[in-house]
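Close look at the chain arrangement
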Amino acid sequence: MDRPSLLRLLHAHAARDLVSTERVALAEILRFVEAEPRCAERSLAVGHLTGSAWIVDPSRTRTLLTHHRKLGKWLQLGGHADGDLDLAAVALREAHEESGLTRLRPVGAALFDVDRHWIPERKSEPGHWHHDLRFV
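Calculation criteria
Residues numbered from 1 in each chain as written. Predicted model: local features only at pLDDT ≥ 70, side-chain atom pairs only at ≥ 80, totals over all residues. Heavy atoms only, no water. Helix = DSSP H or I, 4+ residues; strand = E, 2+ residues; numbered from the N terminus. Rg over C-alpha atoms; globule rule 2.2 N^0.38 Å. Buried < 20%, exposed > 50% of the residue type's maximum accessible area, 1.4 Å probe, protein only. Contact = heavy atoms within 4.5 Å. Areas by Shrake-Rupley, 256 points an atom, 1.4 Å probe, with all protein chains shown as cover. Lys, Arg positive; Asp, Glu negative; His and termini not counted. Charge placed at Lys NZ, Arg CZ, Asp CG, Glu CD. pLDDT = per-residue confidence, 0-100. Pairing = 2+ DSSP bridges. Axes fitted to C-alpha atoms, helices over the stretch in contact; angles between N-to-C directions. Polar contact = N/O pair within 3.5 Å; in protein donor to acceptor, adjacent residues only side chain to side chain. Phe/Tyr/Trp six-rings, centres within 6.5 Å; stacked < 30°, edge-to-face > 60°. Lys NZ or Arg CZ within 6 Å of the ring centre and 35° of its normal.

Some points on the overall build of the chain
Of the regular secondary structure elements, the chain holds three helices and eight strands. Counted from the first residue to the last, the chain has its helices and strands arranged as α-α-β-β-β-β-β-β-α-β-β. In terms of overall size, the chain behaves like a compact globule, its C-alpha atoms giving a radius of gyration of 15 Å where 136 residues would be expected to give roughly 14 Å. Classification of the 136 residues of the chain by burial places 35% in the buried group. At a minimum sequence separation of 6, the contacts of the chain that also span at least 24 residues come to 54%. With the model as given, the accessible surface of the chain reaches about 8,200 Å², and the carbon-plus-sulfur share is 55%. Separation of charge centres in the chain, based on 19 positive and 19 negative side chains, amounts to 4 Å.

Remarks on the confidence of the model for the chain
Confidence in the prediction of the chain, expressed as mean pLDDT, is 95, and 100% of residues score 70 or more. Mean pLDDT across the elements of the chain ranges from a minimum in strand E4 (residues 66–68), with 91, to a maximum in strand E1 (residues 47–53), with 98.

A few points about the environment of Ala45
Relative to the elements of secondary structure, Ala45 occurs in the loop between helix H2 (20–35) and E1. Take Ala45: its relative accessible area is 48%, and that puts it in the partly exposed class. When the C-alpha positions of Ala45 and His128 are compared, they lie 6.4 Å apart, and in sequence the two are 83 residues distant. With residues up to four places along the chain from it excluded, the contact list for Ala45 reads Gly127 and His128.

Description of the sheet that holds strand E8 (residues 128–135)
Taken in spatial order, the four strands line up as E6-E1-E8-E7 in an open sheet, and their pairing is mixed. Two strands bound the open sheet, and with one partner strand each, they are strand E6 (77–80) and strand E7 (113–119). With direction set aside, neighbouring strand axes in the sheet form an average angle of 25°. Relative to E8, E7 is paired through seven bridges, and the arrangement is antiparallel. The residue bridging Val114 from the neighbouring strand is Leu133, located in E8. Packed on one face of the sheet, H2 meets E1, E7 and E8 and runs near 75° to E7. Contacting E1, E6 and E8, helix H3 (residues 87–99) runs over the sheet at an angle of about 120° to E6.

Re the environment of Arg8
Considering the arrangement of structural elements, one finds Arg8 in helix H1 (residues 3–14). Taking the C-alpha atoms as reference points, Arg8 and His48, 40 residues apart in sequence, are found 18 Å from one another. In terms of polar contacts, Arg8 uses its side chain to reach the side chain of Ser5, at 2.9 Å.

Some remarks on the packing of aromatic side chains
Applying the stated rule across the entire model yields two aromatic pairs. Arranged with centres 6.3 Å apart and planes meeting at 65°, the rings of Trp54 and Phe112 form a pair that is edge-to-face. On the criterion of sequence distance, the pair formed by Trp54 in the loop between E1 and strand E2 (55–56) and Phe112 in the loop between H3 and E7 is long-range, its members being 58 residues apart. Over the aromatic face of Trp129 sits the side chain of Arg116, whose NZ or CZ is 3.6 Å from the ring centroid.

What follows is the structure, given as structure tokens:
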């Protein structure tokens, strides 16, 4: 996927009826992707794109979460794009790697939701933003 395709995906999500907090996060993510050609590069110190997967059962009534030890929270599976602008593929790859499940498949190509969150400074890594695109 290229940046124009990624921007189309984000704009399509913006056309949905979103809660105000997601609308604010999406506006920030759009500004970031439009302004930063290296938006998917983990080495970009100000922040970068991440892809997450909401893994649900066939009835879509239960979801698989993972406990993030450093944050002490239960979260959906996901990770850094590492230069890959196909965030749906990133989310699927991370879901496979983190869950060990081998028969996962996307429910659709559209975004489920987005989030923008601050990652505090750690050791040799400065604080930065994660611009998270989430898929089911």
